[in-house]
Amino acid sequence: MRPNSRFAQVQQFDIDKVAAAAGADPDVLRMENLDTDVLPPPVAVAATAEALASGAGNSWLPFTGLPALCEAVADELRRRTGLDYDPLHQIVITSGGTSAVMPVLLATTEPGDPVVLTDPTYAGLLQRVRLSGARPSLVPLRVEGGYWRLDRDALARVGAATALLLMSPSMPSGVLLDRDDWAAVAETCARTGAYLIYDAAMERIVYGGHPRINPCQVDGLADRTIVIGSMSKEYRMIGWRIGWIAGPPDIMARIRVAVVYNTTVSSGFAQLGAAAALSDPSGAGVGEAVAEYQARHDTVLDQLSDLPVVRAAGGWSCLVDAVALGLTAPALSARLLERGRVAATPMTAWGETVAPRYVRLVYSNEPVSRLGDLRSRFAAALR
């Protein structure tokens, strides 16, 4: 087979490997994936079913998204950012949030360009940077006061960047960037001329007491920020595969072309369901879902209080330090499954220096009632 440089540094997720090893054993705690058992908004289910029954959504045209959904996204962004986005020229609908990443990278970078990410970061972001031909430049997260924090000193040392690709809260760590963090990001963008590519998939899954700040509200970032949104996490609509991109008109013209010739959009009936959820005056159950995820997170932290687990400020997962337990992350993952009946993913593909020492525990698909024996399961794995 002919070598291909794009794949030379790309690593496997390991999620599928862990899932396959777990099989269908009902006793296994499924903490390796990012599905959720918290139901999607009823209004979205009803709108999708109605569109299917009537045939109204049996299309994928227009290629850049139904006007009704683009307008609903613009309204949602106005609520989050205070900015007015032109639904026709500044918003494009994508087949899921992660599918939006590659078109944005292709539109903003050239081969070899440095793209700044955190370490740890979502492997779906890191590996797509490599596939695009750009070059990851990783800024570490550090643990401070029991939480992950952005290493702003390391960010200040970044000498060149074409884009900063960041989440908040971020998978897999649950780190939440505060106003000072975003100010440091703004300074880096101004100094290097970089875009901020902001993955907002989990923006509202923030736990009590932590401020939620959209970077478009920070001086110097509104005109540089490309927002990637999704219905999957906040709205629990994973199977709908609906995402979007919004940003400055000049770069969006290029991004729209990249989307059209990449995956185009999801089905019309799924888009109509998404528009209904975004327009739901009751909030589509986001607040209730966040409260449930926080209860699960707190249960995990309580169960593992004597172990090196880093608390999350939001999101769907938290990380346990395998090296601090005298193991590698793959070894801890294997022991958890074989001895403790817990499926959990090693973070070997989610960073370079920090992430590979951790194993991720996802609690979005396991209710509190199932997490109550996590302490004994870990004890069995560590014997």
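Scroll up to find the structure this text is about.
In this text, all values refer to a predicted model and were calculated from it rather than measured experimentally. (Residues numbered from 1 in each chain as written. Predicted model: local features only at pLDDT ≥ 70, side-chain atom pairs only at ≥ 80, totals over all residues. Heavy atoms only, no water.)

K.L.:
I tried to follow the overall build of the protein chain on my own but got confused; where do I start?
P.N.:
The helix and strand inventory of the protein chain stands at 13 helices and 14 strands. Whereas a compact globule of 383 residues would reach a radius of gyration of roughly 21 Å, the protein chain reaches 20 Å, a difference of no more than 12%. With respect to the three principal axes, the spread of C-alpha positions in the protein chain is 60 × 55 × 50 Å. Expressed as a percentage of the 383 residues in the protein chain, the buried residues total 57%. (Helix = DSSP H or I, 4+ residues; strand = E, 2+ residues; numbered from the N terminus. Rg over C-alpha atoms; globule rule 2.2 N^0.38 Å. Buried < 20%, exposed > 50% of the residue type's maximum accessible area, 1.4 Å probe, protein only.)

K.L.:
Would you explain empty space enclosed by the protein in this entry?
P.N.:
Any empty space left between the atoms is revealed when a probe the size of a water molecule rolls over them. Under the criterion given, the structure shown has three cavities of 30 Å³ or more. Taken as a whole, the largest cavity holds about 80 Å³ of empty space. Along its surface, the largest cavity is lined by 13 residues, and Arg 80, Ala 200, Gly 229, Ser 230 and Trp 244 are the ones closest to its centre. Breaking the lining of the largest cavity down by element, the ones donating at least two residues are helix H3 (67–81) and strand E8 (225–230). Partitioned by chemical class, the residues of the lining of the largest cavity number six nonpolar, three polar and four charged. A volume near 40 Å³ is recorded for the second largest cavity. With three residues, the single largest contributor to the lining of the second largest cavity is strand E6 (residues 163–167). When the residues that make up the lining of the second largest cavity are grouped by side-chain class, the tally is five nonpolar, three polar and no charged. (1 Å grid on protein atoms, 1.4 Å probe; cavity = no way out; pocket = protein on both sides within 12 Å on 5 of 7 lines; lining within 4 Å. Points joined across faces, edges and corners; volume = space filled by probe spheres on them. Nonpolar A, V, L, I, M, F, W, Y, C, P; charged D, E, K, R; others polar.)

K.L.:
Explain the packing of aromatic side chains here, please?
P.N.:
Aromatic ring pairs are described here by two measures, namely the spacing of the ring centres and the angle between the planes. Tallied over the entire structure, the rule returns five aromatic pairs. Arranged with centres 6.3 Å apart and planes meeting at 80°, the rings of Trp 60 and Phe 63 form a pair that is edge-to-face. On the basis of relative accessible area, Trp 60 is assigned to the partly exposed category, the value being 47%. Where Trp 182 meets Tyr 198, the ring centres are 5.6 Å apart and the plane angle is 85°; that geometry is what we call edge-to-face. Of the two residues, Trp 182 is situated in helix H7 (residues 179–192) and Tyr 198 in strand E7 (residues 195–199); the sequence distance between them amounts to 16 residues. (Phe/Tyr/Trp six-rings, centres within 6.5 Å; stacked < 30°, edge-to-face > 60°.)

K.L.:
Even after reading the chapter, I still don't get the sheet that holds strand E5 (residues 147–150), so can you show me in this structure?
P.N.:
Sheet strands pair by backbone hydrogen bonding; their relative direction is either parallel or antiparallel. Strand order in the open sheet made by the eight strands is E2-E9-E8-E7-E6-E3-E4-E5, with mixed pairing throughout. The sheet is open, and its two borders are formed by strand E2 (91–94) and E5, each paired with just one other strand. When the angles between neighbouring strand axes are averaged without regard to direction, this sheet yields 25°. Across four bridges, E8 lies against strand E9 (residues 243–246) in antiparallel orientation. Note on E9: the bridge partner recorded for Gly 229 is Trp 244. The strands that helix H8 (residues 249–260) touches are E2, E7, E8 and E9; relative to E2, the one it contacts most, it runs at about 25°. (Pairing = 2+ DSSP bridges. Axes fitted to C-alpha atoms, helices over the stretch in contact; angles between N-to-C directions. Contact = heavy atoms within 4.5 Å.)

K.L.:
I tried to follow the state of the cysteines on my own but got confused; where do I start?
P.N.:
By definition, a disulfide links the sulfur atoms of two cysteine residues through a covalent bond. For the structure shown, the criterion picks out zero disulfides. Here Cys 189 stays free of any disulfide, with the sulfur of Cys 216 as its closest cysteine sulfur at 11 Å. Residue Cys 189 is classed as buried on the basis of its relative accessible area, which comes to 0%. (Disulfide = S-S within 2.5 Å.)

K.L.:
Got a minute to help me understand a nonpolar patch on the surface in this structure?
P.N.:
Taken together, the side chains of Trp 60, Leu 61 and Phe 63 define a hydrophobic patch exposed on the protein surface, amounting to about 320 Å² of accessible area. Looking at where Leu 61 falls in the secondary structure, it is placed in the loop between helix H2 (42–54) and H3. (Patch = residues over 30% accessible without salt bridge, like charges linked within 9 Å, V, L, I, M, F, W, Y side chains within 5 Å. Areas by Shrake-Rupley, 256 points an atom, 1.4 Å probe, with all protein chains shown as cover. Salt bridge = Lys/Arg side-chain N within 4 Å of Asp/Glu carboxyl O.)

K.L.:
Just to check I follow, could you spell out the packing of helix H4 (residues 101–108) against H8 for this structure?
P.N.:
The packing of two helices is summarised by the inter-axis angle and the distance between the axes. Axis separation between H4 and H8 bottoms out at 8 Å; the angle between their running directions is 130°. Judged on the interaxial angle alone, H8 and H4 are oblique. Considering only the axes of H4 and H8, their crossing is right-handed. Contact with H4, carried on its side by Pro 103, Val 104, Ala 107 and Thr 108, involves Ile 251, Arg 254, Ile 255, Ala 258 and Val 259 of H8 and no other residues of that element. Grouping the constituent residues of the contact of H4 with H8 by class yields seven nonpolar, one polar and one charged. (Parallel < 35°, antiparallel > 145°, perpendicular 65-115°, else oblique. Left-handed = near helix turned anticlockwise from the far one by under 90°.)

K.L.:
Please explain the sheet that holds strand E11 (residues 317–321) as it appears in this structure.
P.N.:
Ordered by their spatial adjacency, four strands build an open sheet running E10-E11-E14-E13, and the pairing between neighbours is antiparallel. Strands with a single pairing partner mark the edges of an open sheet, and in this sheet they are strand E10 (309–310) and strand E13 (345–346). Pairing of E13 with strand E14 (residues 358–362), which is carried by two bridges, proceeds in the antiparallel orientation. By the bridge assignment, Pro 346 is partnered in E14 with Val 359.

K.L.:
What is the right way to look at the pairing of E8 in this model?
P.N.:
The side chains of a regular strand alternate, first on one face of the sheet and then on the other. Of all six residues in E8, six are buried, a share of seventy percent or more. Taking every second residue as pointing to the same face, both faces of E8 are buried, with Thr 225, Val 227 and Gly 229 on one and Ile 226, Ile 228 and Ser 230 on the other. Across four bridges, the pairing between E7 and E8 is parallel. In the strand pairing of E8, Tyr 198 is matched with Val 227.

From the geometry alone we can't say anything about function, so treat these as descriptive.
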